[in-house]
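Chains, contacts and geometry: an overview
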Amino acid sequence: MDETRAALEALRAAAAPLEPGEEAREALMARAVAHAQSFWTALAEGPSYRSRDEVFAQRLAPEFPEEARAPEEALGYLAECVDAPGITTASPRFMGYIPGGGLFHAAMGDFLAAASNKYAGFASAAPGAVRMENALTGWLAEVVGFPAAAAGTLTSGGSIANLVAIVAAREARDPDGGGAVYSTEFVHHCVDKALHIAGRGRAPRRRIATDESHRMRIEALAEALERDEADGVRSWLVVASAGTVDTGAVDPLPEIADLCARYGAWLHVDGAYGGLFMLCPEGRARLAGIERADSLALDPHKTMFLPYGTGAVLVRDGQLLSDAFSATADYLQPLGESSVGPSPADLSPELTRHFRGLRLWLPLQLAGVAAFRAAQSEKIGLARYFHARLSAMEGWHAGPAPDLSVVAFRYVPASGDPDAFNDALLRRIQEEGRVFLSGTRIGGASYLRCAILSFRTHLEHIDETLAALERNVAGLLGEQGA
């Protein structure tokens, strides 16, 4: 027994680095905070993109040491080989894909959530954490105009939020399959993945035409629903967009909701990008009708500026969400009754899950809802400003006026292939690294995308982006001898 005790004490001593003392924690925290402060300070003037493939040839030796490595060495590697290369999504000039801003307050929330490591899957295990998450989803439901009977859960992002909603729709309206699905070409590709995962990848699909502003044409949807009814095909699921990826377009939600009610179809709205613009008056004016959806996917890590990994799904009839996902097992014994609302594990596929709520709750407490509302209004205003300025610049096709904060546009050269020109222009801007834009194809034609949604992006950054576009067009035309 003495030998056993001695062996266990030796193992405890060897594992001591896993449990640093108070002074060691303070020293490590000071280094981590200094690292983060240096990163944030550099954002103002740093590039939004660095192409630095050479960092991938660098390795710590050994990469995973047997004994502890010096903190400065590990953090130095992080700064040089992780923070620096690639897209700087926290940059005020990152306007390529929909940004995930990474609020400071949310970083604090993530740290505190990881420190306490509360298990937020069951109400009886962490009633305070689950109550917080239920309060947040209740607040999100209130923001979008859902009734009190709605329920929802926080997810890792829009992909899982759309999947959860589609499974709920399957169980409620299409348990045996055969129902048709209706969407436009601009629906997010994660919807196709979700249908496949949910066992509905081979469901009858109806691709609904769009108008000149890339919104679902309501008469085309009506024709498809009417034709299926005449042919004896049941209308199951209409997927509308509250802010498409390509152009930020918002489908005509009130009219779509009317048709869904008439034909008995489930209306799911992918509002991962745009749905939470319901916070601001400009967004509410454009998103009218979203409150009539049967289910809704949201991404607070987009329109609420949180770190990536923060999505949400809401279902108008909350019981249908519970019916789709609630499960139990002999080894899952509740610790007692709880009055804080449903357990998140009963509302999604996840059992073990991160305490996501704190990264949303803490910013709302420390910054206030009004700050989010103002930032959203600013982003919509900046997109309108960008579109108006671009429309007045010679040679540019600015595309439809933005519904929210995404503008899809292209340059039309006097001669030559406009698609090749715009592809080259995008590469040139990205390689320059100051401003980051992305591209897409609409109707087979190449477009650039400016997605304005970082809380750090302001008027001066839009002016700089416009200047970068003019500068790079001039340079490209000069190289081509135009």
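The following refers to the structure shown. (Residues numbered from 1 in each chain as written. Predicted model: local features only at pLDDT ≥ 70, side-chain atom pairs only at ≥ 80, totals over all residues. Heavy atoms only, no water.)

Quick look at the sheet that holds strand β13 (residues 445–451) now. In space, the 4 strands of this open sheet follow the order β10-β11-β13-β12, with antiparallel pairing throughout. Where the open sheet ends on each side, the last strands, each with one partner, are β10 (396–397) and β12 (438–442). Direction of pairing for β10 relative to strand β11 (residues 406–411): antiparallel, over a ladder of 2 bridges. Counted as the bridge partner of Trp-396 is Tyr-411 from β11. Contacting β10, β11 and β13, helix α14 (residues 369–391) runs over the sheet at an angle of about 15 degrees to β11. (Pairing = 2+ DSSP bridges. Helix = DSSP H or I, 4+ residues; strand = E, 2+ residues; numbered from the N terminus. Contact = heavy atoms within 4.5 Å. Axes fitted to C-alpha atoms, helices over the stretch in contact; angles between N-to-C directions.)

Residues Leu-221, Leu-267 and Val-269 are the most contacted members of the largest nonpolar core, which totals 64 residues. Among the elements that take part in this core, helix α5 (residues 127–144) stands out by supplying 7 residues, more than any other. Once residues lying within four places of it in the same chain are set aside, the contact partners of Leu-267 are Val-238, Ala-240, Ile-256, Ala-257, Cys-260, Arg-292, Ala-293, Asp-294 and Ser-295. Ranked by size, the runner-up nonpolar core spans 28 residues in total, among them Trp-396, Phe-409, Ala-424 and Ile-429. (Core = buried A, V, L, I, M, F, W, Y, C linked by side-chain atoms within 4.5 Å. Buried < 20%, exposed > 50% of the residue type's maximum accessible area, 1.4 Å probe, protein only.)

A few words on the layout of surface pockets. Empty space within the largest pocket amounts to approximately 730 Å³. Along its surface, the largest pocket is lined by 27 residues, and His-35, Ala-36, Phe-39, Trp-40 and Ala-107 are the ones closest to its centre. For the lining of the largest pocket, the secondary-structure elements that each account for two or more residues are α2 (22–43), α3 (71–83) and α4 (104–116). Taken together, the residues that form the lining of the largest pocket break down as 18 nonpolar, 6 polar and 3 charged. (1 Å grid on protein atoms, 1.4 Å probe; cavity = no way out; pocket = protein on both sides within 12 Å on 5 of 7 lines; lining within 4 Å. Points joined across faces, edges and corners; volume = space filled by probe spheres on them. Nonpolar A, V, L, I, M, F, W, Y, C, P; charged D, E, K, R; others polar.)

The next subject is the packing of aromatic side chains. One pass over the full model with this rule turns up 12 aromatic pairs. Between Phe-386 and Phe-409, the ring centres sit 5.4 Å apart and the planes meet at 65 degrees, which makes this aromatic pair edge-to-face. Here Phe-386 is found in helix α14, whereas its partner Phe-409 is found in strand β11, with 23 residues between them in sequence. Phe-409 carries the same exposure label as Phe-386, and that label is buried. With a centroid separation of 5.8 Å and 55 degrees between ring planes, the pair formed by Trp-396 and Phe-409 is classed as tilted. Separated by 13 residues along the polypeptide, Trp-396 in strand β10 and Phe-409 in strand β11 bring together distant segments of the chain. We note that Trp-396, like Phe-409, is buried. Cluster of aromatic residues (ring-pair linked, three or more members): Phe-386, Trp-396, Phe-409, Tyr-411 and Phe-421. Across the ring face of Phe-146, the terminal group of Arg-316 is positioned such that the distance to the ring centre comes to 5.3 Å. Taking NZ or CZ as reference, Arg-410 lies 5.2 Å from the ring centre of Tyr-447, over its face. (Phe/Tyr/Trp six-rings, centres within 6.5 Å; stacked < 30°, edge-to-face > 60°. Lys NZ or Arg CZ within 6 Å of the ring centre and 35° of its normal.)

The next subject is the packing of helix α13 (residues 357–367) against α14. It is the contact of α13 with α14, at a shortest axis distance of 6 Å, that shows an interaxial angle of 95 degrees. Considering their axes alone, α13 and α14 lie roughly perpendicular with respect to each other. Residues Pro-363, Leu-364 and Ala-367 of α13 form the contact with α14, whose participating residues are Val-369, Ala-371 and Phe-372. Taken together, the residues of the contact of α13 with α14 sort by class into 6 nonpolar, no polar and no charged. (Parallel < 35°, antiparallel > 145°, perpendicular 65-115°, else oblique.)

This part takes up empty space enclosed by the protein. Under the definition given, this model contains 2 cavities of 30 Å³ or more. Considering only enclosed or pocket space, the largest cavity measures out at about 80 Å³ in volume. Lining the largest cavity, in full, are Ser-213, His-214, Arg-215, Thr-247, Gly-248, Ala-249, Pro-400, Ala-401, Pro-402, Asp-403, Val-406 and Ala-408. Among the residues forming the lining of the largest cavity, the class breakdown is 6 nonpolar, 4 polar and 2 charged. Approximately 30 Å³ is the volume found for the second largest cavity. If you list the elements that add at least two residues to the lining of the second largest cavity, you get α5 and β3 (151–155). When residues in the lining of the second largest cavity are grouped by element, the largest group, 3 residues, is from α5.

Between helix α15 (residues 418–432) and helix α16 (residues 459–479), the least distance of the axes is 10 Å, while the angle of their chain directions is 120 degrees. The angle between the axes of α15 and α16 places the two elements in the oblique class. Crossing handedness for the pair α15 and α16: right-handed. Together, Phe-421, Ala-424, Leu-425, Arg-428, Ile-429 and Glu-432 of α15 and Ala-468, Leu-469, Arg-471, Asn-472, Val-473, Gly-475, Leu-476, Leu-477 and Glu-479 of α16 make up the contact between the two elements. When the residues that make up the contact of α15 with α16 are grouped by side-chain class, the tally is 9 nonpolar, 2 polar and 4 charged. (Left-handed = near helix turned anticlockwise from the far one by under 90°.)

The strand order across the open sheet built from 7 strands is β3-β9-β8-β7-β6-β4-β5, with neighbouring strands paired in mixed fashion. Each having just a single partner strand, β3 and β5 (205–208) make up the two edges of the open sheet. Direction aside, neighbouring strands of the sheet carry axes that sit 15 degrees apart on average. Relative to β5, strand β4 (residues 180–184) runs parallel, the two being bridged by 4 bridges. Along β5, the bridge assignment pairs Val-181 with Arg-205. Along the sheet, helix α8 (residues 218–231) contacts β4, β5 and β6 (235–241); its crossing angle with β4, the most-contacted strand, is approximately 165 degrees.

In short, shape yes, function no, at least from these values alone.
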